[in-house]
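Listed below are the residues making up each chain.
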Amino acid sequence: MNKTELIDKTISFVKTTLQHAEGGHDWFHIERVYKNAQLIAKTEDVDLFIVELAALLHDIADSKFNNGDETVSPKLAKSFLNSLDINKDITDHVILIIENISFKGGNFITTFSSNELKVVQDADRLDAIGAIGIARCFNYGGFKDRAIYNPEIAPNLNMSKEEYKNSTAPSINHFYEKLLLLKDKMNTKTGTQIAEQRHQFMQLYLDQFYAEWQGEK
């Protein structure tokens with residue numbers, strides 16, 4: 001198969017695998033990240049095929065929905081890529097991207113880096129901020145039966161990886177524990193430019209939220 005056919009096969013596999021996924025981590029999330037990655041890749045020195053495969057497979061089995069097990073996603077992705085008889089170097093690179101793409105809390109340090117990872121990571125982070133990022137935040141909070149906001153529970157900005165994974169804090173706290181931090185963690189020029197606008201939108205949203213909470217508007 002040529003690269004176009006391999007990408008089509010991957011899209012079909014992801015759609016089927018995620019057909020019953022939670023709304024913030026479903027096929028449409030993958031599709032948005034895929035499109036973001038293609039856009040960012042235009043201005044970066046990368047192997048587009050690796051970028052596209054990694055973007056499509058990056059959330060094939062998110063650990064949040066697999067009892068926190070971070071090995072399920074790379075194992076499933078590797079099994080699928082091996083079934084396509086893709087070059088081992090490409091498969092290994094894609095798996096490393098999947099293993100290192102996630103935010104995982106403020107104190108987590110990755111041990112792998114590549115231009116392709118930087119592009120896919122930016123593409124994924126862009127879908128966590130802005131209007132869609134806000135929608136995904138509250139969608140997941142509702143899925144986990146979390147409070148929208150509780151003024152008595154302050155955001156925790158010094159969580160360990162495990163504390164971040166197991167947090168049950170209100171959804172508004174997630175803005176401070178992750179979403180508002182992403183603008184300054186972008187890797188690419190294009191990603192940074194898009195993130196700046198989406199960051200400003202989130203700040204405006206929070207201003208409006210607190211004003212309504214206090215009965216000021």
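Keep in mind it's a predicted model, so treat the numbers as computed, not measured.

Considering the pattern of salt bridges
Here's step 1: The final tally for this structure, using the stated rule, is five salt bridges.
Here's step 2: Note that arginine 32 is salt-bridged to aspartate 127, the shortest N-O span being 2.6 Å. Residue arginine 32 is found in helix 2 (residues 27–41), and its partner aspartate 127 is found in the loop between helix 6 (115–126) and helix 7 (130–143); the two are separated by 95 residues along the sequence.
Here's step 3: You can call aspartate 127 buried: its relative accessible area is 1%.
Here's step 4: A salt bridge links aspartate 184 to lysine 183; the shortest N-O distance between them is 3.0 Å.
Here's step 5: Among the charged side chains, a network of salt bridges with common partners joins Arg32, Asp127 and Arg136.

Comments concerning helix 2
Here's step 1: For helix 2, with 15 residues, the first-to-last C-alpha span of 21 Å sits near the 21 Å given by 1.5 Å per residue.
Here's step 2: Residues Trp27, His29, Ile30, Val33, Tyr34, Asn36, Ala37, Ile40 and Ala41 constitute the buried set of helix 2.
Here's step 3: Where the residues of helix 2 are buried, they touch helix 1 (3–17), helix 3 (48–57), helix 6, helix 7 and helix 10 (189–213).

Quick notes on the packing of aromatic side chains
Here's step 1: Overall, the coordinates contain 11 aromatic pairs when judged by the stated rule.
Here's step 2: Between the aromatic rings of tyrosine 149 and phenylalanine 209, the centroid separation amounts to 5.7 Å while the plane-to-plane angle is 80°, which identifies the pairing as edge-to-face. Remark: phenylalanine 209 occurs in helix 10 and tyrosine 149 occurs in the loop between helix 7 and helix 8 (161–166); sequence separation between them is 60 residues. In terms of burial, tyrosine 149 and phenylalanine 209 fall into one category: buried.
Here's step 3: Between tyrosine 149 and tyrosine 210, the ring centres sit 5.6 Å apart and the planes meet at 65°, which makes this aromatic pair edge-to-face. Residue tyrosine 149 is located in the loop between helix 7 and helix 8, and its partner tyrosine 210 is located in helix 10; the two are separated by 61 residues in the primary sequence.
Here's step 4: By way of ring pairs, the aromatic residues Phe138, Tyr149, Phe175, Tyr205, Phe209, Tyr210 and Trp213 are connected into one cluster.

What about the confidence of the model for the protein?
Here's step 1: Within the protein, residue pLDDT values average 91, and 92% of them lie at 70 or more.
Here's step 2: Element-level pLDDT for the protein is lowest in helix 8, with a mean of 76, against a maximum mean of 98 in helix 3.

What about unusual backbone geometry?
What is expected of a backbone is that most residues other than glycine have negative phi and most peptide bonds are trans.
Here's step 1: The phi angle at aspartate 85 is positive, at roughly 60°, despite the residue not being glycine.
Here's step 2: For aspartate 85, the location among the structural elements is in the loop between helix 4 (72–83) and helix 5 (88–100).
Here's step 3: The exposure class of aspartate 85 is exposed, given its relative accessible area of 70%.
Here's step 4: In this structure, aspartate 145 takes a positive phi of about 60° despite not being glycine.
Here's step 5: Since its relative accessible area comes to 70%, aspartate 145 is described here as exposed.

Conventions and cut-offs
- Residues numbered from 1 in each chain as written.
- Predicted model: local features only at pLDDT ≥ 70, side-chain atom pairs only at ≥ 80, totals over all residues.
- Heavy atoms only, no water.
- Salt bridge = Lys/Arg side-chain N within 4 Å of Asp/Glu carboxyl O.
- Helix = DSSP H or I, 4+ residues; strand = E, 2+ residues; numbered from the N terminus.
- Buried < 20%, exposed > 50% of the residue type's maximum accessible area, 1.4 Å probe, protein only.
- Expected span 1.5 Å × (residues − 1).
- Contact = heavy atoms within 4.5 Å.
- Phe/Tyr/Trp six-rings, centres within 6.5 Å; stacked < 30°, edge-to-face > 60°.
- pLDDT = per-residue confidence, 0-100.

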